[in-house]
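One letter stands for each residue in the lines below.
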Amino acid sequence: MILSNDADFYKDQGYLLVKGVFNQQEVEEMRMGVDNIIKRAVLANKDHNATWDGDYLPKEKLKKLVLKGFHNVHYHDHVFLKALTHPNMKAVLKQLIGPNVQLHHSKMLVKPPENGAAFPMHQDYPYFPHEKHTMLAASIHLDESNEENGCLSVVPESHKQGVLPHIGSHYLNQKEYPLSLGTPCPAEPGDVLFFNYLTIHGSGVNRSSRTRRNLLFQYRDASDFPTNNEHFDWGMGLMVSGENPHFERVTPKYKIV
Ligand SMILES: O=C(O)CCC(=O)C(=O)O
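Rules used in this analysis
- The residue count restarts for each chain, going from 1 along the sequence in the order it is written.
- Restriction of local features to residues with pLDDT of at least 70 applies here, the model being predicted, together with a cutoff of 80 or more for giving and counting side-chain atom pairs; totals for whole chains, interfaces and linings are based on all residues.
- Only heavy atoms go into the side-chain values, all of them from the structure, while hydrogens and water stay out.
- Helical segments are the DSSP runs of H or I of at least four residues, strand segments are the runs of E of at least two, and each set is numbered from the N terminus.
- In this setup the radius of gyration rests on C-alpha atoms only. A globule is expected at 2.2 Å times the number of residues raised to 0.38.
- Categorising residues by exposure relies on relative accessible area from a 1.4 Å probe, with only protein chains included: less than 20% of the type maximum marks a residue as buried, more than 50% marks it as exposed, and the intermediate range marks it as partly exposed.
- For accessible areas, the Shrake-Rupley method is used with a probe of radius 1.4 Å. Any residue's cover is judged against the shown protein chains and nothing else.
- Positive charges come from Lys and Arg, negative ones from Asp and Glu, while His and the chain ends are left out of the count.
- One atom stands in for each charge, and that atom is NZ of Lys, CZ of Arg, CG of Asp or CD of Glu.
- We call a set of buried Ala, Val, Leu, Ile, Met, Phe, Trp, Tyr and Cys residues a nonpolar core when their side-chain atoms join them within 4.5 Å.
- It only takes one pair of heavy atoms within 4.5 Å for two residues to be counted as in contact.
- One heavy atom suffices: a residue is near a molecule or strand as soon as one of its heavy atoms comes within 4 Å of it.
- Residues adjacent in sequence count toward polar contacts only when both atoms are side-chain atoms; beyond that, a polar contact is any pair of N or O atoms within 3.5 Å, and within protein one must be able to donate a hydrogen and the other to accept it.
- Here, any two strands with at least 2 DSSP bridges between them count as paired.
- In this context, the arc is that of the directions from the helix axis out to the C-beta atoms.

Asker: Explain the overall build of the protein residue by residue, including any values.
Answerer: Scanning the protein from terminus to terminus reveals five helices and eleven strands. In summary, the protein has a C-alpha radius of gyration of 17 Å against a globular reference of 18 Å for 257 residues, a match within 12%. Burial statistics for the protein: of 257 residues in total, 54% are counted as buried. As presented, the protein carries roughly 12,200 Å² of accessible surface, and 53% of it is formed by carbon and sulfur atoms. Side-chain charges in the protein split into 27 positive and 29 negative, and the spacing between the mean points of these groups amounts to 5 Å.

Next comes the structure, spelled out in structure tokens:
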């Protein structure tokens, strides 16, 4: 699926856009899965706005923004279990992480037209710190995505800066790290943007008349352990590829509430 110099690019730049990981039919199935989760959430009275709180935008602007975000999508629909272990996905992950790949968690992020929420620049590290920094995000694009509808932007090579101080462990100081610092990563349905959890990234408001639907799966090397007891999700530790070399650490010691 990718060449060894693509893996070198990822290691050097901290991100990699891989075209056509999923075909059109697979994208269509995942779109349906995402739309159905939203419908079921509404029926269950569990619909909520997952827009990030904070002072990265004026209060008036922030309160108009909407994000449909739900975790553990592979517990909602088998289509996502298929996606997170898709042969093309595994082929890339093995090159970027190594032979033994584990899932950390899965989620969906839907930015509706006109007022789809922004993500201020941040690293994912503070949310689930690990020892060896192998953790990466795979952002799966289900709609054409560009700066108009709030595509992801990354800061190349920023993973080399290591862990940076975040405001309330949440996002970076936006005066120092505005979204304009990043390289926008426009993508088409079926493309996947991989980026390390130390890579600074964010995305703008969806100002267009089109929805931006993304899935986000986080993966790690099976020998990379959490340093903090936080952010546990169902399915964490699921072997996506290879074997777990740590017989004693298969059953997690944490409790998921
Ligand atoms: O999908 C996006 O626009 C950004 C998502 C993100 O940065 C995150 O969930 O950490």
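Next comes the rest of the description.
Asker: So, the nonpolar core: which residues are in play, and what are the values?
Answerer: Counting residues in hydrophobic clusters, the biggest one holds 38 residues, and the most contacted among them are Met89, Phe194, Leu215 and Tyr219. Of all the elements, helix 2 (residues 24-43) adds the most residues to this core, at six residues. Residues within four places of phenylalanine 194 in sequence aside, it is in contact with Tyr10, Gly14, Tyr15, Leu16, Val18, Met89, Val92, Leu93, Leu96, Leu136, Ala137 and Ala138. Core analysis: the next-biggest nonpolar cluster, separate from the first, contains 25 residues, Tyr56, Phe128, Leu193 and Phe195 among them.

Asker: Would you mind going over the site of the ligand in detail, with residue names and values included?
Answerer: Around the ligand, a shell composed of Lys107, Leu109, Lys111, Phe119, His122, Asp124, Leu152, His201, Ser203 and Arg212 is seen. Residue histidine 122 places a side-chain N or O atom 2.9 Å away from an oxygen atom belonging to the ligand. Contact between the ligand and arginine 212: an oxygen atom at 2.8 Å from a side-chain N or O atom of the residue. Within the complex, 98% of the 300 Å² of free accessible area of the ligand lies under protein.

Asker: Go over the pairing of strand 10 (residues 212-221), please, and point to the residues and values.
Answerer: Most of strand 10 sits out of view: ten of its ten residues are buried. The side-chain alternation of strand 10 yields two buried faces, one formed by Arg212, Asn214, Leu216, Gln218 and Arg220 and the other by Arg213, Leu215, Phe217, Tyr219 and Asp221. Across ten bridges, the pairing between strand 3 (residues 101-111) and strand 10 is antiparallel. Within strand 10, the position partnered with glutamine 102 by the bridge is arginine 220. The pairing of strand 5 (residues 136-141) with strand 10 spans six bridges and is antiparallel. Across the sheet, residue histidine 141 finds its bridge partner in strand 10, namely asparagine 214.

Asker: Please give an account of the sheet that holds strand 6 (residues 152-154) that cites residues and values.
Answerer: Picture the strands of a sheet paired through backbone hydrogen bonds; they go either parallel or antiparallel. Strand order across the open sheet formed by four strands is 4-9-6-7, with antiparallel pairing between neighbours. The open sheet is flanked by strand 4 (119-122) and strand 7 (183-184), the only strands paired with a single partner. Sheet topology places strand 6 next to strand 7; two bridges connect them, and they run antiparallel. Residue pairing across strands places serine 153 opposite proline 184, the latter belonging to strand 7.

Asker: Explain the side chain of threonine 51 to me, and be specific about the residues and the numbers.
Answerer: For threonine 51, the position within the fold is in the loop between helix 2 and helix 3 (59-62). A polar contact of 3.2 Å, which involves the side chain of threonine 51, links it to the backbone oxygen of leucine 65. Within the local environment of threonine 51, its side chain forms a polar contact with the backbone nitrogen of leucine 67, the two atoms lying 3.4 Å apart. If sequence neighbours within four positions are ignored, threonine 51 has contacts with Tyr56, Leu62, Leu65, Val66, Leu67 and Ala117.

Asker: I'd like a rundown of unusual backbone geometry, residues and numbers included.
Answerer: The backbone of asparagine 45 sits at a positive phi, close to 60°, despite the residue not being glycine. Exposure remark for asparagine 45: the relative accessible area of 71% places this residue in the exposed category. Non-glycine residue histidine 231 carries a positive phi angle of around 55°.

Asker: Can you explain the environment of asparagine 115? Please cite residues and give values.
Answerer: Counting through the fold element by element, asparagine 115 comes out in the loop between strand 3 and strand 4. In this structure asparagine 115 touches Lys64, Leu65, Val66 and Asn206, once residues within four positions along its chain are discounted.

Asker: Please provide a residue-by-residue account of helix 5 (residues 87-96), values included.
Answerer: All of the buried residues along helix 5 are Met89, Val92, Leu93 and Leu96. Angularly, the buried residues of helix 5 cover 100° about the axis, an arc narrow enough to put them on a single face. The positive-phi residue at the C-terminal boundary of helix 5 is glycine 98, with phi of around 135°.

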